[in-house]
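Inside the fold
Spelled out from the first residue to the last, the chains are:
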Amino acid sequence: MNASPGPPAIFDARRRAARLTRSERLFATADFLHDRAAENAVNSLEVILRDFPDVVDLSAHPGPFARRLADTVAASRLGAVKTVADPNTLAAPGAQPLPLADQSQDLIISLMSLHWANDLPGAMAQIRRALKPNGLFLGTLLGAGTLKELRGALTEAELEIRGGAQARVSPFADGFDGAALLQRAGFALPVSDVDRVVVRYPDMLALIRDLRAMGETSVLAGDARPLSREIVGRADQLYVSKHGEADGRIPATFEIIHLAGWAP
């Protein structure tokens with residue numbers, strides 16, 4: 001009997017790791033979503049009156065959480081925050097086993113990384129197993145409404161010029177499934193909130209520059225045909241015609257899903 005092939009490879013982990021490396025130099029210029037996620041996580045910890053001696057941050061960019069945590073009441077309740085440096089683990093969570101022993105952590109943080117998981121339920125289950133009983137997980141990932149304007153413009157432009165279109169923006173999790181996802185992974189008291197942020201840009205290329213600086217450009221598996229300048233130009237026109245505002249700027253929607261759950 002053949003073994004199960006496992007979940008399909010939606011994302012290319014090596015390409016994702018390369019994107020993260022490339023983004024390091026410019027990340028500080030476009031870290032506003034990661035900073036927002038970190039602020040939410042720290043605010044949650046501020047109201048939880050217990051200590052977390054063993055803490056690990058699995059975020060691909062741990063800097064925002066460290067900055068937000070510094071000099072807060074929550075910081076006094078946390079032990080030294082460890083990070084995971086293996087880019088393959090962070091590139092596509094769940095593709096590689098987490099380098100954490102079972103029931104070894106009181107608190108696990110994962111901000112703005114899990115939307116790159118090839119096996120999201122599997123990655124969540126690994127996190128839950130690494131928590132001590134009554135340990136806490138706080139996570140953030142991008143949701144299904146993220147970059148809906150960009151996705152539509154690129155798809156329409158490619159269909160118009162080539163007669164067919166490939167996926168150019170990563171598929172994101174549905175925010176309404178957040179609590180169910182936590183329950184499926186074995187978490188107790190699951191909480192899921194959706195935070196929608198609209199950022200306005202002078203043009204589509206400015207948005208793409210920010211995505212590159214974040215390390216959030218598409219790393220879908222497979223060999224996609226490169227976009228031509230004609231398609232990118234037409235997508236920019238479509239973006240403006242469908243979503244442009246009175247001052248000439250264009251909106252970009254980001255849907256941030258905040259997750260919290262406890263190990264039973």
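So, here is what we can say about the structure in this document.

Quick notes on the rules
Residues numbered from 1 in each chain as written. Predicted model: local features only at pLDDT ≥ 70, side-chain atom pairs only at ≥ 80, totals over all residues. Heavy atoms only, no water. Helix = DSSP H or I, 4+ residues; strand = E, 2+ residues; numbered from the N terminus. Rg over C-alpha atoms; globule rule 2.2 N^0.38 Å. Buried < 20%, exposed > 50% of the residue type's maximum accessible area, 1.4 Å probe, protein only. Contact = heavy atoms within 4.5 Å. Polar contact = N/O pair within 3.5 Å; in protein donor to acceptor, adjacent residues only side chain to side chain.

Once that is clear, we can look at the overall build of the chain. A tally of helices and strands in the chain yields 9 helices and 6 strands. Here the chain has a C-alpha radius of gyration of 19 Å; the compact-globule value for 264 residues is 18 Å, and the two agree. With the C-alpha coordinates aligned to their principal axes, the bounding extent of the chain is approximately 55 × 55 × 35 Å. By residue count, 48% of the 264 residues in the chain fall in the buried class. For the chain, restricting intrachain contacts to residue pairs at least 6 apart in sequence, the fraction spanning at least 24 positions comes to 86%.

On to the side chain of threonine 217, then. Along the chain, the position of threonine 217 falls in the loop between α8 (204–214) and α9 (229–243). Taking the relative accessible area as the measure of exposure, threonine 217 reaches 14% and is therefore buried. Within the local environment of threonine 217, its side chain forms a polar contact with the side chain of arginine 19, the two groups lying 3.1 Å apart. Leaving out residues up to four positions away in the same chain, threonine 217 has contacts with Arg19, Arg22, Trp116, Leu211 and Arg212.

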